[in-house]
Amino acid sequence: MPIEVRNLTHVYMRGTPSEVTALSDISFRIEDGEFVGLIGATGSGKSTLIQHLNGLLKPTSGTVLVDDMDIWAKGSSLKEVRRKVGLVFQFPEQQVFEETVFDDIAFGPENLGLSEDEVKRRVERARQMVGLSEEIMSRSPFELSGGQLRRVAIAGIVAMEPKVLILDEPAAGLDPRGRNEILGNVKRLHESGLTVILVSHNMEDVARLCQRILVLDKGRLVADGSPREVFTRGDLLRSVGLRPPDVVSLMERLRQKGWKVRTDVLTVEEAYEEIVRELNGKG
Ligand code: ADP
Ligand code: MG
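Every value quoted in this text rests on a predicted model; they were computed, and no experiment measured them. Each residue is numbered by its place in its chain's sequence as written, counting from 1. Each chain is given a letter, starting from A, and each ligand a number, starting from 1, according to the order in which they appear as written. Reporting in this predicted model follows two pLDDT cut-offs: at least 70 for local features of residues, and 80 or more for side-chain atom pairs to be given and counted; totals over whole chains, interfaces and linings ignore these cut-offs and use all residues. Think of the side-chain values as coming from all heavy atoms in the structure, minus any hydrogens and water.

Engineer: Tell me about the nonpolar core, residues and numbers included.
Structural biologist: Among the nonpolar cores identified, the biggest contains 49 residues, and I39, I105 and F231 are the most heavily contacted of them. Broken down by element, the residue count for this core peaks at 6 residues, all from helix α5 (residues 146-158). Take the buried residues of types Ala, Val, Leu, Ile, Met, Phe, Trp, Tyr and Cys, join any two whose side-chain atoms come within 4.5 Å, and each joined set is a nonpolar core. Only protein chains enter the accessibility calculation, which uses a 1.4 Å probe. A residue is then buried if its area is under 20% of the maximum for its type, exposed if over 50%, and partly exposed in between. Formed by 25 residues, the second largest nonpolar core is a distinct cluster that contains L8, F28, L53 and L87. Counting from the N terminus, the helices are the DSSP runs of H or I reaching at least four residues and the strands are the DSSP runs of E reaching at least two.

Engineer: Requested: an account of the packing of α5 against helix α6 (residues 176-191), with residues and values cited.
Structural biologist: At a minimum axis distance of 10 Å, the contact between α5 and α6 shows a crossing angle of 20°. With respect to α6, the element α5 is oriented roughly parallel. Viewed along their axes, α5 and α6 form a crossing whose handedness is right-handed. Packed against α5, whose contacting residues are G147, R150, R151, I154 and V158, the element α6 presents E181, I182, N185 and L189 at the interface. To obtain an axis, a line is fitted to C-alpha atoms, over the contacting stretch when the element is a helix, and the angle between two such axes runs from 0 to 180 degrees between their N-to-C directions. Here roughly perpendicular refers to angles of 65 to 115 degrees, roughly parallel to angles under 35, roughly antiparallel to angles over 145, and oblique to all remaining angles. Left-handed is the label given to a crossing in which the near helix is rotated counterclockwise from the far helix by less than a right angle, and right-handed is the label when the rotation is clockwise. The contact criterion used is simple: two residues touch if any of their non-hydrogen atoms lie within 4.5 Å.

Engineer: Break down the domain arrangement of the chain for me, citing the residues and quoting the values.
Structural biologist: Domain ranges listed in this record stem from an automatic or a database domain assignment. Each domain of the chain was delimited in the assignment, giving domain 1 (3-242) and domain 2 (245-283). The C-alpha-based centres of domain 1 and domain 2 are spaced at 34 Å. Each side of the interface is counted separately: domain 1 has 10 residues, and domain 2 has 11 residues. Summed over both partners, the accessible surface that disappears when two parts come together, traced with a 1.4 Å probe, is what is meant by buried area. Both sides of the domain 1 and domain 2 interface together cover about 780 Å² of buried area, and 53% of this is carbon and sulfur. Contact with domain 2 buries area across many residues of domain 1, yet E204, R228 and T232 alone supply 58% of it, more than any other trio. Counted as salt bridges are all cases of a side-chain nitrogen of Lys or Arg within 4 Å of a carboxyl oxygen of Asp or Glu. Taken together, the connections running from domain 1 to domain 2 amount to 2 salt bridges. Linking R238 and E252 is a salt bridge whose minimum nitrogen-to-oxygen distance equals 2.8 Å. Here a polar contact means two N or O atoms within 3.5 Å. Within protein one must be a hydrogen donor candidate and the other an acceptor candidate, and residues neighboring in sequence count only if both atoms are side-chain atoms. At the boundary of domain 1 and domain 2, one finds 4 residue pairs in polar contact (both at pLDDT 80 or more). Listed by contribution, the elements that provide at least two residues to the side of domain 1 that touches domain 2 are α7 (203-209), α8 (227-231) and α9 (234-239). Any residue outside Ala, Val, Leu, Ile, Met, Phe, Trp, Tyr, Cys, Pro, Asp, Glu, Lys and Arg is labelled polar, Gly included; the first ten of those are nonpolar and the last four are charged. Of the residues assigned to the side of domain 1 that touches domain 2, the class counts are 5 nonpolar, 2 polar and 3 charged.

Engineer: Summarise the site of ligand 1; cite the residues concerned and give the values.
Structural biologist: What surrounds ligand 1 is the set Y12, M13, V20, A22, A41, T42, G43, S44, G45, K46, S47 and T48. A distance of 3.3 Å is found between an oxygen atom of ligand 1 and a backbone nitrogen or oxygen belonging to S44. In this structure, an oxygen atom belonging to ligand 1 sits 3.1 Å away from a main-chain N or O atom of G45. Protein contact buries 61% of the 560 Å² of open area that ligand 1 shows by itself. The near set for a molecule or strand comprises every residue that places at least one heavy atom within 4 Å of it. In these tables, accessible area is a Shrake-Rupley quantity obtained with a 1.4 Å probe, and a residue counts as shielded only by the protein chains included in the view.

Engineer: Can you explain the packing of helix α3 (residues 101-111) against helix α4 (residues 116-129)? Please cite residues and give values.
Structural biologist: Taken N-terminus to C-terminus, the directions of α3 and α4 make an angle of 125°; their axes are 9 Å apart at the nearest point. The pairing of α3 with α4 is recorded here as oblique in orientation. Note that α3 runs across α4; the crossing there is right-handed. Contact residues: F102, I105, A106, P109 and E110 in α3; V119, K120, R122, V123 and A126 in α4.

Engineer: So what's going on with the sheet that holds strand β2 (residues 20-30)? Which residues, and what values?
Structural biologist: Any two strands between which DSSP finds at least two bridges are classified as paired. Spatial ordering of the open sheet is given by β2-β1-β4-β5, a layout of 4 strands whose pairing is antiparallel. Sheet topology places β2 and β5 (69-70) at the edges, where each strand pairs with a single neighbour. When strand β1 (residues 3-12) meets β2, the two strands line up antiparallel, connected through 7 bridges. Bridged to H10 within β2 is L23. Contacts from helix α1 (residues 46-53) reach β1, β2 and β4 (61-66), with the element oriented near 125° to β1.

Engineer: Report on α5, specifying residues and quantitative values.
Structural biologist: A helix is expected to span 1.5 Å for every residue after the first. Relative to the 18 Å expected for 13 residues at 1.5 Å per residue, α5 spans 18 Å between its end C-alpha atoms, a close match to the ideal helical length. Most of α5 is tucked away: 10 of the 13 residues are buried. Within the sequence span of α5, burial applies to G147, L149, R150, R151, V152, A153, I154, A155, G156 and V158. In this structure, the buried side of α5 is in contact with β6 (85-88), α3, α4, β7 (164-168) and α6.

This is how it looks when you write it as structure tokens:
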């Protein structure tokens, strides 16, 4: 299910002294099954942008199309759009509030008016997708660790069986193990056929996971390309307040020292090969 925005502009508190233009004239199209990373410094407009993609925010000007339909056109159902485009907020565990983990994950599907059996099937499937153990389901969400709670919140959205899954910094604030688990879940969800849009501060994570990267700077889309195209532009990233992946910085420093290495490497393995090649070449 493609998602597209055309000339999207969003102004908060328009006409007041505290007016903020959070998004300026943004256009892109995401095709079915893509895994897109959305990066940018704090305040660059990431959260504002993704809230437009399921109709939580209305554009000040411009158009949002889901499945090639203008979601704000007369006759379009925002409820339907929100079912197809699942959005996991930053710190979603703050919205976990039911008595048991099962009830919490079931909350969304129950509101879709599905049969009890269908709700159970979806909760079970979502539980497995995010790797929660069965015995956790009858516990209170308030007894869980941060990483487990985060997974419960993601499962609640997954149980709605959206076509597109958008996650706002899903690994923020977790320890390295929690981060890896959550990102592994996200990877599996993408492999299961979902289109995924991942908002992240962590360049290594997006470089490793995503097929395409969108870069926002002060509400403008300043880059849209493959991880290799975007991450090897160290100067661009630094100019928008982002830190390039460590291997890119390393290769840049080697070049400054006169080594003839490529800077368009993305992984430690590629960097190693490139350094060995250069050392051998030197004889
Ligand atoms: P990011 O998610 O990249 O940190 P945001 O989309 O949250 O960026 O914010 C973009 C800009 O819009 C910032 O200048 C921010 O202060 C402003 N902003 C965000 N939400 C609101 C709001 N509800 N009311 C007014 N301004 C807002
Ligand atoms: Mg944000």
